[in-house]
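Structure assessment
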Amino acid sequence: MIDPDLYDKARDHIAHAGFSPEVQTKIALTLCAAKAGNQAFHNAVQWLPNLGVVQQFMISQAARELEAINLLTRTTQWSARPNLAMTALRTTAPLTLAWTQIMMPPGPLFNPPAIYQGLSLGHAQLARLRLLPLIPEDANPFNPFVVALQRIEQDNGRMLQTQIRLLKRMGENIPLDAREQMLERDQQVVDQVFSEFMSWLVEP
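Note that the structure is a prediction, hence the values are computed from the model and not measured. (Residues numbered from 1 in each chain as written. Predicted model: local features only at pLDDT ≥ 70, side-chain atom pairs only at ≥ 80, totals over all residues. Heavy atoms only, no water.)

The next point concerns the nonpolar core. Formed by 55 residues in total, the largest nonpolar core has its most connected members in F19, I27, L134, F194, F197 and M198. Only α1 (4–17), α2 (21–45), α3 (53–75), α4 (82–91), α5 (93–103), α6 (112–128), α7 (144–170) and α8 (176–201) provide two or more residues apiece to this core. Sort the elements by how many residues they give to this core and α8 lands first, with 8 residues. Excluding residues that lie within four positions of it along the chain, M198 makes contacts with I2, L6, Y7, A10 and L134. (Core = buried A, V, L, I, M, F, W, Y, C linked by side-chain atoms within 4.5 Å. Buried < 20%, exposed > 50% of the residue type's maximum accessible area, 1.4 Å probe, protein only. Helix = DSSP H or I, 4+ residues; strand = E, 2+ residues; numbered from the N terminus. Contact = heavy atoms within 4.5 Å.)

This is how it looks when you write it as structure tokens:
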């Protein structure tokens, strides 16, 4: 579980510092790293044969994640500090490693268990990477970055419902206890990354 105090500290920091280029860059780099993994996974899995309606879900998920990345790229006021990119890479490394393992040859197209692993990790990201609680109450609602975060959060909610349906459809051949262990493990990975991110967010 994520320590609730981390949310309070991160929100208080943003309330004090505002959505500075440093704050925006930290958020955008972390969120883009997570979404890039899920987008690449769905972009590959949508080519599985005989998916039927599931293929539409896969295509939709890939398109929405790509749209979120593009939206962040356009609306973020990027900081010129190069060390932020390096720290973001370290912070999101567990997620990057998890997605890399899922996409390793033979990849999800030829490795059915990897399909469920990708859906499980994507579900954990959509369910646990919550950014709206970090937005202070007095934040400017017309700030382009704030608007982008709110839109992404709304899309995440819709994607999460689709992800749950995909998990039910694609995991029928995996024992229930194995599925539950996978979901719990992926949630722990995401919680770790998000906790590290919030601790980093309040650093100068």
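Having put the structure on the table, let's press on.
What follows is about the packing of α2 against α5. Here α2 crosses α5 at 10°, and the two axes come no closer than 9 Å. As the angle between them shows, α2 and α5 are arranged roughly parallel. Counting all contacts with α2, which are made through A34, G37, N38, A40, F41 and A44, the residues of α5 involved are L95, W99, I102 and M103. When the residues that make up the contact of α2 with α5 are grouped by side-chain class, the tally is 8 nonpolar, 2 polar and no charged. (Axes fitted to C-alpha atoms, helices over the stretch in contact; angles between N-to-C directions. Parallel < 35°, antiparallel > 145°, perpendicular 65-115°, else oblique. Nonpolar A, V, L, I, M, F, W, Y, C, P; charged D, E, K, R; others polar.)

Before going further, it helps to spend a moment on the packing of aromatic side chains. All chains considered together, the criterion is met by 4 aromatic pairs. When the ring of F194 is compared with that of F197, the centres are 5.6 Å apart and the planes differ by 20°; the resulting orientation is stacked. Within this pair, F194 and its partner F197 are both found in helix α8, separated by 3 residues, close to a single helical turn. The pair formed by F194 and F197 is uniform in burial state, with each residue classed as buried. (Phe/Tyr/Trp six-rings, centres within 6.5 Å; stacked < 30°, edge-to-face > 60°.)

Over its 25 residues, α2 extends 35 Å from the first C-alpha to the last, a length consistent with the 36 Å expected when each residue adds 1.5 Å. Summarising burial for α2: 18 of the 25 residues are buried, a large majority. (Expected span 1.5 Å × (residues − 1).)

Another point: the pattern of salt bridges. For the coordinates displayed, the defined rule picks out 7 salt bridges. Ionic pairing is found between R158 and D155, a salt bridge with its closest N-O pair at 2.4 Å. A residue pair is termed a helical-turn pair when its members lie 3 or 4 positions apart in one helix, as R158 and D155 do in helix α7 at 3 residues. (Salt bridge = Lys/Arg side-chain N within 4 Å of Asp/Glu carboxyl O.)

What follows covers the environment of F142. Looking at the secondary structure, you find F142 in the loop between α6 and α7. For F142, a relative accessible area of 70% translates into the label exposed. C-alpha of F142 to C-alpha of E65: the two residues are 77 residues apart in sequence and 23 Å apart in space.

This next bit is on the environment of R179. The topology assignment puts R179 in helix α8. Separated by 120 residues in the primary sequence, R179 and I59 have C-alpha atoms spaced 23 Å apart. For R179, the residues in contact, after removing those within four places along its chain, are Y116, G171 and I174. Among the polar contacts listed, one links the side chain of R179 to the backbone oxygen of I174, at a separation of 2.8 Å. (Polar contact = N/O pair within 3.5 Å; in protein donor to acceptor, adjacent residues only side chain to side chain.)

Right, let's get into the layout of surface pockets. Roughly 190 Å³ of internal volume is contained in the largest pocket. Lining of the largest pocket is provided by P112, P113, I115, R169, M170, G171, E172, N173 and I174. Mapped onto the lining of the largest pocket, the elements with two or more residues apiece are α6 and α7. No other element matches the 3 residues that α6 contributes to the lining of the largest pocket. Tallied by class, the residues present in the lining of the largest pocket amount to 5 nonpolar, 2 polar and 2 charged. (1 Å grid on protein atoms, 1.4 Å probe; cavity = no way out; pocket = protein on both sides within 12 Å on 5 of 7 lines; lining within 4 Å. Points joined across faces, edges and corners; volume = space filled by probe spheres on them.)

Inspection of the secondary structure puts D186 in helix α8. Look past the residues within four positions of D186 in its chain and what remains in contact with it is Q117, S120, L121 and A124.

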